[in-house]
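# Observations on chain architecture
Okay, here's what each chain looks like letter by letter:
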Amino acid sequence: MSASATPGPAPDTAPDPAPGTAPDRVPGDARADAARDLRGAGLRVTAARVALLETVRYGGHLGAEDVAARVRARVGHISLQAVYDALHALTAAGLVRRIEPPGGPARFEGRVGDNHHHLVCRACGAVADVDCAVGHAPCLTASDPRGFTVDEAEVIFRGLCPACTSTPASAQ
């Protein structure tokens with residue numbers, strides 16, 4: 001990730017909110033920030049794109065269908081294809097990050113431009129951010145980069161989240 005990318009919200013250390021729920025807190029100036037960032041990336045500013053960018057930035061690690069549901073709750077109709085198209089454009093512009101946890105759908109987050117990884121619950125699929133343990137990107141060095149210039153390392157830690165750890169195995 002480039003250091004010049006616009007940072008998203010503060011680091012997320014808790015598992016994501018339940019799918020289909022609204023973001024916990026969207027700061028009052030988020031709409032202006034989203035519009036400014038869209039313009040700065042050379043993207044057209046529309047109510048749907050502003051709502052989508054705010055939703056991703058303040059909604060945790062969301063799948064495209066959850067993003068679509070939350071955006072619809074704010075601006076009315078938007079097709080799932082339009083959400084995918086916008087997510088692709090926002091990802092290409094560096095405004096959001098696409099992550100692909102093993103065994104699950106792609107998810108999108110607003111935390112960009114820093115050096116962090118993810119914790120994924122094997123039981124419920126919850127995702128949480130975890131800062132890299134060592135320095136600047138990439139925080140890991142390939143034993144043999146085979147001629148590549150490495151600028152990012154992505155790590156996914158897997159295990160059980162606190163909720164699933166306290167749930168009896170028969171209930172999972």
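This text goes with the structure placed above it.
The text that follows walks through the structure, step by step, so that each part is easy to find. Remember, predicted model here, so these are calculated numbers, not experimental data. (Residues numbered from 1 in each chain as written. Predicted model: local features only at pLDDT ≥ 70, side-chain atom pairs only at ≥ 80, totals over all residues. Heavy atoms only, no water.)

Between helix 2 (residues 47-58) and helix 3 (residues 64-75), whose axes approach to 9 Å, the crossing angle comes to 130 degrees. The angle between helix 2 and helix 3 falls in the class oblique. Of the two elements, helix 2 crosses helix 3, and the hand of that crossing is right-handed. On the side of helix 2, the interface is formed by Ala47, Ala48, Ala51, Leu52, Glu54, Thr55 and Val56, while helix 3 contributes Val67, Arg70, Val71, Arg74 and Val75. (Axes fitted to C-alpha atoms, helices over the stretch in contact; angles between N-to-C directions. Helix = DSSP H or I, 4+ residues; strand = E, 2+ residues; numbered from the N terminus. Parallel < 35°, antiparallel > 145°, perpendicular 65-115°, else oblique. Left-handed = near helix turned anticlockwise from the far one by under 90°. Contact = heavy atoms within 4.5 Å.)

The next point concerns the pairing of strand 3 (residues 116-121). Across the six residues of strand 3, five count as buried, placing the element largely inside the fold. Strand direction decides the pairing type here: strand 3 and strand 4 (residues 127-131), joined by five bridges, are antiparallel. Residue His116 lies in a different strand from strand 4, and its bridge partner there is Asp131. Counting the residues between successive antiparallel strands, the hairpin from strand 3 to strand 4 contains five residues, one of them, Gly125, with a positive phi of roughly 85 degrees. One ladder, built from four bridges, connects strand 3 with strand 5 (residues 156-159); its direction is parallel. Within strand 5, the residue paired with His118 across the bridge is Ile156. (Buried < 20%, exposed > 50% of the residue type's maximum accessible area, 1.4 Å probe, protein only. Pairing = 2+ DSSP bridges.)

Time to look at the pattern of salt bridges. Overall, the coordinates contain ten salt bridges when judged by the stated rule. The salt bridge partner of Asp37 is Arg36, with a shortest N-O separation of 3.0 Å. On the accessibility criterion, Asp37 (7% relative accessible area) is buried. The residue Glu109 makes a salt bridge to Arg97 at a minimum N-O spacing of 3.6 Å. Taken as a pair, Glu109 in strand 2 (residues 107-109) and Arg97 in strand 1 (residues 97-99) lie far apart in primary sequence, twelve residues in all. You'll find Glu109 and Arg97 in the same group, each marked buried. Within this structure, Asp33, Arg36, Asp37 and Arg57 form a network of salt bridges that share partners. (Salt bridge = Lys/Arg side-chain N within 4 Å of Asp/Glu carboxyl O.)

What follows concerns the side chain of Glu54. Position of Glu54 relative to the elements: it lies in helix 2. Those residues within four positions of Glu54 in sequence are excluded, and the remaining contacts are Ala30, Arg31, Ala34 and Arg74.

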